[in-house]
Protein chains: 4
Amino acid sequence: MAGNSFGKLFRITTFGESHGPAIGVVIDGCPANLCIDLEEVQNELNRRRPGQSALVTKRDESDRVQVLSGIFENRTTGAPIALLIPNEDARSKDYSHLKDTFRPSHADFTYQSKYGHRDYRGGGRSSARETAARVAAGAIAKQYLQAKGIYISGWVSQVGRISCTTPHTELNLSLTEASPVRCPEPATAAAMINHIQEVKKAGDSVGGIVSCVVTGCPAGLGEPVFDKLHAELGKAMLGINACKGFEIGSGFAAASMLGSDHNDLFSQQGEQIVTKTNYSGGVQGGISNGMDVYFRCAFKPVATILQEQESVDAEGNTIQLQGKGRHDPCVVPRAVPIVEAMAALVVMDYHLLQFGIK
Amino acid sequence: MAGNSFGKLFRITTFGESHGPAIGVVIDGCPANLCIDLEEVQNELNRRRPGQSALVTKRDESDRVQVLSGIFENRTTGAPIALLIPNEDARSKDYSHLKDTFRPSHADFTYQSKYGHRDYRGGGRSSARETAARVAAGAIAKQYLQAKGIYISGWVSQVGRISCTTPHTELNLSLTEASPVRCPEPATAAAMINHIQEVKKAGDSVGGIVSCVVTGCPAGLGEPVFDKLHAELGKAMLGINACKGFEIGSGFAAASMLGSDHNDLFSQQGEQIVTKTNYSGGVQGGISNGMDVYFRCAFKPVATILQEQESVDAEGNTIQLQGKGRHDPCVVPRAVPIVEAMAALVVMDYHLLQFGIK
Amino acid sequence: MAGNSFGKLFRITTFGESHGPAIGVVIDGCPANLCIDLEEVQNELNRRRPGQSALVTKRDESDRVQVLSGIFENRTTGAPIALLIPNEDARSKDYSHLKDTFRPSHADFTYQSKYGHRDYRGGGRSSARETAARVAAGAIAKQYLQAKGIYISGWVSQVGRISCTTPHTELNLSLTEASPVRCPEPATAAAMINHIQEVKKAGDSVGGIVSCVVTGCPAGLGEPVFDKLHAELGKAMLGINACKGFEIGSGFAAASMLGSDHNDLFSQQGEQIVTKTNYSGGVQGGISNGMDVYFRCAFKPVATILQEQESVDAEGNTIQLQGKGRHDPCVVPRAVPIVEAMAALVVMDYHLLQFGIK
Amino acid sequence: MAGNSFGKLFRITTFGESHGPAIGVVIDGCPANLCIDLEEVQNELNRRRPGQSALVTKRDESDRVQVLSGIFENRTTGAPIALLIPNEDARSKDYSHLKDTFRPSHADFTYQSKYGHRDYRGGGRSSARETAARVAAGAIAKQYLQAKGIYISGWVSQVGRISCTTPHTELNLSLTEASPVRCPEPATAAAMINHIQEVKKAGDSVGGIVSCVVTGCPAGLGEPVFDKLHAELGKAMLGINACKGFEIGSGFAAASMLGSDHNDLFSQQGEQIVTKTNYSGGVQGGISNGMDVYFRCAFKPVATILQEQESVDAEGNTIQLQGKGRHDPCVVPRAVPIVEAMAALVVMDYHLLQFGIK
């Protein structure tokens, strides 16, 4: 109930604080007999980890994942898979000045309200470092899905007011990883990088949007009422730090549309029934229809900025805060593997629900 | 796992098809000793039920709710509360022509893919009629919350391209119910009504946006990782038929903003710590901070239109479909009580988690 | 969390009080496309219902089950199956004298302690009438299992000090239903009937044991740690009113045994690996091994007796209580279909977990 | 769903194999602000760990527990508490001869059937070593409960045919820990020790019974239908390796009793309503009534014996097996802290459900 677990049949539980000894995840319900490529798990963690480029925080951690259980002779056994990622570069003293203050738009005040005290070092449990555990688990889900021909690709489609102009179906997503900002449209990527560097120079931060597409998803995934496929995807994405909005297919644009334009007409294509358009984003009535599942996630600007801001301390006194420490001016490039991981967890879980653990 | 239940401590399970004998809901985990005003439950159902104005479907059902269990001498007993709403005006023959066809952007194809057959009468389980059961349960949650000073108010903020211009904090929400389109800005409401009538005349449908605010929500609701308050609200809303997007606080607009603008600065107000702005939408780090919880839900245009559309039948043959039956040209006015009900379910559940069943 | 639901993938939620309008059950997660024989469901209810013989309570209810949802053209649709059993013979006035008193070894005092008030009519929710809803759901599970060659047979193996002497593997279980006491050993059955009639004449009640065997259960059902097959069976049985003990295979007798006697040696039988003995009761390490799953449930004597007993009222005053109403002197004959139903729910649920919803 | 988690609000997930790098547990839902005495956690682990006396296996592990998260400055933070116990004395080669064989009454065959392969080293996940993780989590629950005046005491009441003769209410439970066999009746303890040593000398093993009492448990714990307090306790105990039976209060003896003897008459004692007898075992209608909660768990003889036994290998060939490695001739002395831990987990969880997380 305390919300550190996610999933039904493929269920993960994450633990660990930013400046504790380690973060980690226990995966319960992974089918037995999967061959796991641990290098692939490490690669996904590397995509998320800080220190990759000038655009992101300099905190440098190797983020080496250790397997504690559940994998024997390279194959899953059906037992819980525990993965541990030790914290290496945890400079706790960076944060001691924050013990009794509430940083604006951080979780300091709400944690204090809810729990009565908090691990204030680096945000403790509210740190985005927790998402490394999700990425590790998601990397296993990805391997499961890829073996079934299901692929998940995220990219940065907007940073500040700069956004991709090409429709997503025409983007060359193989270019995403080549760009430090993870935008597959090279000119837009360049503009985004410029913008982030300006924002960084000003000690400020900026928001953005991560788009994501799931290809190869068979029809039939999703439950029709409360646990619609896109409802679970939405919960998964809104549970990522700094995510403020989620939309599937036409999303908010649907509000302005007419039914005669928005309806996705069915047609027969070879053996398969397909839709001519995909405003539905691959989900109808909560259940996948075999088309690409396409969605977008809005991220707010990072709350930590290197400018002086007014706030209050625990006694309610007005104080001036100056951001310190190592932080990203823009979270979206590193959010891409997290979005993909959460999508993989949802799709694998719903796949198991529909098709069983075989 | 099959997704007909929602909530943790205050957990509802809905059942029933559009053209079966009844729909209903079982509420498990309602605290004992609550006085329930059944007329208020009925009022909420009346807000959702069809046939209220020229803007909505003419299907006319009294939607009288019956209590089967869990309430004794007007008070909840702690036992499951079962509420039944018999179906009265179920003209099944209206739908027999749809048995072997897949209506565009409906759930016909995906249900058939998932289950192998389906109750095709009026959409069966995928009918928005299922949401009446949620409204009934939500009405009980609302009574619980109101006794604690927590109020939930939804309204239509956009229909097609017509949207409210006043910031939501300045709207007079007491005007919402006076308008058949449930928009509290009278001039905008009139324009929306005109637009819906035009769309209806054209046999078409149009999308829209429902906004919602929770006032009086104490700090501390929400779980910090996967079960963030807004993640659960997002799932709740995306689980409503036709909802394609959800955003909290600044939402998608946050993507274009700078941190220096977006951060909500804390200040002391009397005994309370408040924020000067509320881009967070009342939730920080997944936990309520005591400010208004504010969010918006995008709805697509209703899939059934009274125009000829191309589709395929179960054998893959191309067919022409002509919408029949009784349908809404725009779903958002009737979606308002559903959005409110789902919000009430989430907030009550998280309130119980944080403050116990007393 | 409030405990009116049972099961993971095949999940039931029961509702209803003894003297309310109806009791019922919602089944979520039943696979689609099962043909349901409603007469069979009714037959199972008839086995449980009162008024069948001179041995049991005279409360006479036809217990006619109504299907509210989830079955269309005789086949399950994958939607929740709601079953309703109206209460017919609810003489509430029989119980008004109990409003402020706590009957010994009933749930009156604990319900009052937990909830602050209670539906005192006929025990309200604590009435064994609630188990009719389980029997209805279990009847659907039985049909699912029978189609896979899995059969569940319960019988009365002890009443008071009278118990079956034949080892269960040599009993002719087809004789069970022929006996009003549901004991398949005719001479023992006759002795049990005599004993119950004597106890009844004395205004007293007596306990007993229900034994149960699941045949045709494939190897692989059960989860290895907390959700062991026999742990879930144990919970299911201990959740039946008046059940005080559960044992599987050798059970409590195992405490006195040596490993060299108790170990079930494996041998090859045709294509299958079997065990030469079955002290394990068909479960090893929490997982079925393909042998008969065999267990026993102890039931206490019914708490209502027609003798004067001392007790206290809500103010703590000493009072004398005299049982009234219509009650069974011995619960075990009617417990047999309930034990079977709960076993069917567990086995079907674990079957779905292991082999999927197909 | 895969059954490595236990509990609702206070929910634990265990992981780890007997011969992997570590075992551990993640506790989600522990209230914030509890002071945790880690030495007490270690003491509980020491009670369970092997190598304590000549009666138990010689495998010698220090079983030092490490805290990875959730405790900051000695207080719980509300975040998940991850506890790790590295495996030290894991001699994997002891087990390589078992790779393709199925030991009688072990989980080898069922794991192989369920998962298709298995970590055969020391039983892998099926090893009782997994229960160390439960003991660690239970030690935290015990601290929570003790602060509320709730104490849990287990003891060995039977080994083979030797059992305690004193009624449990008259036993001096403070003597339990003084005895290597954990029986508080000194003469019986001595006889049990003799018996175990004889059994050990014969290369055999023997079963036994662990009894347990919860004192100070307030009225109102437990949910009335499927999640009755004793049903959850039963599941908890039957989920312990080698446990074959569970009974509460009168248990199986109730089957032979008359209602007029078995009913627990209420009386007023000072401010409290108590029962004169306690055949109910402190639970009525599934809910605690404020009296001692008393139950018993039957354990089979350890499956590994140092005698030659017939079995089959993975190809179905008949083989002769000879137990090797280090094993307990009788499991019940070391089962006492496990029974207590599982009881603590259940009682704490139900306490949180009833009284909230404060």
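Just above, that's the structure.
Every value quoted in this text rests on a predicted model; they were computed, and no experiment measured them.

## Re the overall build of chain A
Then comes step 1: Looking only at helices and strands, chain A features seven helices and 18 strands.
Then comes step 2: Taken against the 2.2 N^0.38 rule, which gives 21 Å for 358 residues, the C-alpha radius of gyration of chain A at 21 Å falls within 12% of a compact globule.
Then comes step 3: In chain A, which comprises 358 residues, the share counted as buried stands at 68%.
Then comes step 4: For chain A, the share of sequence-separated contacts (at least 6 apart) that also reach a separation of at least 24 residues comes to 70%.
Then comes step 5: Total accessible area on chain A is roughly 11000 Å²; 48% of this is exposed by carbon and sulfur atoms.

## Brief notes about the pattern of salt bridges
When their charged atoms lie close together, side chains carrying opposite charge are able to pair.
Then comes step 1: In this structure the tally under the stated criterion is 80 salt bridges over all chains.
Then comes step 2: Between arginine 48 of chain B and aspartate 63 of chain B there is a salt bridge, with its nearest N and O atoms 4.0 Å apart. With arginine 48 of chain B in helix α1 (residues 38-48) and aspartate 63 of chain B in the loop between α1 and β4 (66-69), this pair connects stretches of sequence that are 15 residues apart.
Then comes step 3: On the basis of relative accessibility, which here comes to 2%, the residue arginine 48 of chain B falls in the buried class.
Then comes step 4: Ionic pairing is found between arginine 182 of chain B and glutamate 177 of chain B, a salt bridge with its closest N-O pair at 2.9 Å.
Then comes step 5: The exposure class of glutamate 177 of chain B is partly exposed, given its relative accessible area of 40%.
Then comes step 6: Here the salt bridges do not stand alone but share partners, grouping Glu44, Arg47, Lys142, Glu177, Arg182 and Glu340 of chain A into one network.

## Observations regarding the relation of the copies chain D and chain C
Then comes step 1: Of the two same-sequence chains, chain D is brought onto chain C (RMSD 0.0 Å, axial shift 0.0 Å) by a rotation of 180°. Taken together, the rotation angle and the small translation identify this as a two-fold axis.
Then comes step 2: When the interface residues of chain D are mapped onto chain C, 100% of them again lie at the interface, so the same face is used by both copies.

## A look at the interface of chain B and chain C
Then comes step 1: Each partner contributes residues to the interface: chain B has 41 residues there, and chain C has 41 residues.
Then comes step 2: Carbon and sulfur atoms make up 61% of the surface buried where chain B meets chain C, a total of about 3200 Å² over both sides.
Then comes step 3: Interface area lost by chain B to chain C is led by Leu68, Phe72 and His117 of chain B, which between them contribute 20%.
Then comes step 4: Summed over the shared surface of chain B and chain C, the number is zero salt bridges.
Then comes step 5: Counting across the chain B and chain C interface gives ten residue pairs in polar contact (both at pLDDT 80 or more).
Then comes step 6: Looking at the side of chain B that touches chain C, the elements that each hand over two or more residues are β2 (11-16), β3 (22-28), β4, β6 (75-76) and β7 (81-86) of chain B.
Then comes step 7: Residues of the side of chain B that touches chain C, tallied by class, amount to 17 nonpolar, 15 polar and nine charged.

## Looking at the sheet that holds strand β18 (residues 308-313) of chain D
Residues and elements named next belong to chain D.
Then comes step 1: The three strands lie next to each other as β8-β18-β19, forming an open sheet whose pairing is antiparallel. In this open sheet, the two edge strands, each paired with only one partner strand, are β8 (101-102) and β19 (318-322).
Then comes step 2: Sheet topology note: the β18/β19 ladder contains five bridges and is antiparallel. Paired with serine 311 across the strands is isoleucine 319, a residue of β19.

## Remarks on the packing of helix α1 (residues 38-48) of chain A against helix α3 (residues 131-146) of chain A
Residue and element names in this part refer to chain A.
Then comes step 1: At a minimum axis separation of 9 Å, α1 and α3 run at an interaxial angle of 140°. As summarised for this structure, α1 and α3 are arranged oblique, according to the angle between their axes. The interaxial crossing formed by α1 with α3 has right-handed handedness. Here Glu40, Val41, Glu44, Leu45, Arg47 and Arg48 of α1 lie close against α3, whose contacting residues are Thr131, Ala132, Val135, Ala136, Ala139, Ile140, Lys142 and Gln143.
Then comes step 2: Partitioned by chemical class, the residues of the contact of α1 with α3 number seven nonpolar, two polar and five charged.

## Side note on unusual backbone geometry
Residue and element names in this part refer to chain B.
Then comes step 1: Positive phi values are uncommon outside glycine, yet arginine 182 reaches one of about 60°.
Then comes step 2: Here arginine 182 lies in the loop between β10 (162-163) and α4 (186-201).
Then comes step 3: You can call arginine 182 buried: its relative accessible area is 6%.

## Let's talk about the environment of aspartate 349 of chain A
All names here are of chain A.
Then comes step 1: Examined against the element boundaries, aspartate 349 turns out to sit in helix α7 (residues 332-355).
Then comes step 2: Taking relative accessible area as the criterion, aspartate 349 reaches 2% and is therefore assigned buried.
Then comes step 3: With 340 residues separating them along the chain, aspartate 349 and leucine 9 place their C-alpha atoms 5.9 Å apart.
Then comes step 4: Residue contacts for aspartate 349: discarding those within four places in its chain leaves Gly7, Lys8, Leu9 and Phe10.

## Describing the interface of chain D and chain C
Where the parts come together, the accessible area they lose is often given as the size of the interface.
Then comes step 1: Every contact between the two is made by 105 residues of chain D and, on the other side, 105 residues of chain C.
Then comes step 2: Taken together, chain D and chain C are joined by 47 residue pairs in polar contact (both at pLDDT 80 or more).
Then comes step 3: Two elements, strand β12 (residues 243-248) of chain C and strand β12 (residues 243-248) of chain D, share three bridges in a ladder whose sense is antiparallel. In the sheet register, phenylalanine 246 of chain C faces β12 of chain D, and the bridge partner there is phenylalanine 246 of chain D.

## Regarding the sheet that holds strand β8 (residues 101-102) of chain C
Then comes step 1: Here we have three strands laid out as an open sheet, ordered β8-β18-β19 (chain C), and antiparallel in their pairing. Of all the strands in the sheet, the pair left with one neighbour each is β8 and β19 (318-322) of chain C.

## Side note on the packing of aromatic side chains
Residue and element names in this part refer to chain B.
Then comes step 1: If you walk through the whole model with that rule in mind, you get 30 aromatic pairs over all chains.
Then comes step 2: Their ring planes at 70° and their centres at 5.4 Å tell us that phenylalanine 102 and phenylalanine 109 sit as a pair that is edge-to-face.
Then comes step 3: Residue phenylalanine 109 is classed as buried on the basis of its relative accessible area of 9%.
Then comes step 4: Considering the side-chain rings of tyrosine 111 and tyrosine 115, the 5.7 Å spacing of their centres and the 70° angle between planes classify their relative orientation as edge-to-face.

## Some details on the packing of helix α5 (residues 229-238) of chain C against helix α7 (residues 332-355) of chain C
When two helices pack together, you describe them by how their axes are tilted relative to each other and by the distance separating the axes.
Residue and element names in this part refer to chain C.
Then comes step 1: The interhelical angle for the contact between α5 and α7, taken along N-to-C directions, is 145°, at an axis separation of 9 Å. Handedness of the crossing formed by α5 with α7: right-handed. Across the interface between the two elements, Leu229, Glu232, Leu233, Ala236 and Met237 of α5 pack against Val339, Met342, Ala343, Val346 and Tyr350 of α7.
Then comes step 2: Residues of the contact of α5 with α7, tallied by class, amount to nine nonpolar, no polar and one charged.

## A word on the side chain of serine 205 of chain B
Then comes step 1: As for its placement among the helices and strands, serine 205 of chain B is situated in the loop between α4 and β11 (208-215).
Then comes step 2: Among the polar contacts listed, one links the side chain of serine 205 of chain B to the backbone oxygen of valine 302 of chain B, at a separation of 2.6 Å.
Then comes step 3: Ignoring any residue separated from it by four or fewer positions in sequence, one finds serine 205 of chain B in contact with Met257, Leu258 and Gly259 of chain A together with Val199, Pro301, Val302, Ile305 and Pro329 of chain B.

## Focus: the side chain of asparagine 263 of chain D
Then comes step 1: One can find asparagine 263 of chain D in the loop between α6 (259-262) and β13 (266-269).
Then comes step 2: The buried category is assigned to asparagine 263 of chain D, whose relative accessible area is 4%.
Then comes step 3: In terms of polar contacts, asparagine 263 of chain D uses its side chain to reach the backbone carbonyl oxygen of alanine 303 of chain C, at 2.8 Å.

## So, helix α4 (residues 186-201) of chain D
Residues and elements named next belong to chain D.
Then comes step 1: The terminal C-alpha atoms of α4 lie 23 Å apart, and with 16 residues this matches the ideal 22 Å at 1.5 Å per residue to within 8%.
Then comes step 2: The inward-facing, buried residues of α4 contact β9 (151-159) and β10 (162-163).
Then comes step 3: Glycine 203 sits one or two positions beyond α4 and adopts a positive phi of about 70°.

## Describing the pairing of strand β11 (residues 243-248) of chain A
Residue and element names in this part refer to chain A.
Then comes step 1: Burial analysis of β11 places six of its six residues in the buried class, the great majority of the element.
Then comes step 2: One ladder, built from five bridges, connects β11 with strand β16 (residues 293-299); its direction is antiparallel. Residue pairing across strands places cysteine 243 opposite phenylalanine 299, the latter belonging to β16.

About the criteria used
Residues numbered from 1 in each chain as written. Chains lettered and ligands numbered in written order. Predicted model: local features only at pLDDT ≥ 70, side-chain atom pairs only at ≥ 80, totals over all residues. Heavy atoms only, no water. Helix = DSSP H or I, 4+ residues; strand = E, 2+ residues; numbered from the N terminus. Rg over C-alpha atoms; globule rule 2.2 N^0.38 Å. Buried < 20%, exposed > 50% of the residue type's maximum accessible area, 1.4 Å probe, protein only. Contact = heavy atoms within 4.5 Å. Areas by Shrake-Rupley, 256 points an atom, 1.4 Å probe, with all protein chains shown as cover. Salt bridge = Lys/Arg side-chain N within 4 Å of Asp/Glu carboxyl O. Least-squares fit on C-alpha atoms with pLDDT ≥ 70 in both. Buried area = accessible area lost by both parts, 1.4 Å probe. Polar contact = N/O pair within 3.5 Å; in protein donor to acceptor, adjacent residues only side chain to side chain. Nonpolar A, V, L, I, M, F, W, Y, C, P; charged D, E, K, R; others polar. Pairing = 2+ DSSP bridges. Axes fitted to C-alpha atoms, helices over the stretch in contact; angles between N-to-C directions. Parallel < 35°, antiparallel > 145°, perpendicular 65-115°, else oblique. Left-handed = near helix turned anticlockwise from the far one by under 90°. Phe/Tyr/Trp six-rings, centres within 6.5 Å; stacked < 30°, edge-to-face > 60°. Expected span 1.5 Å × (residues − 1).

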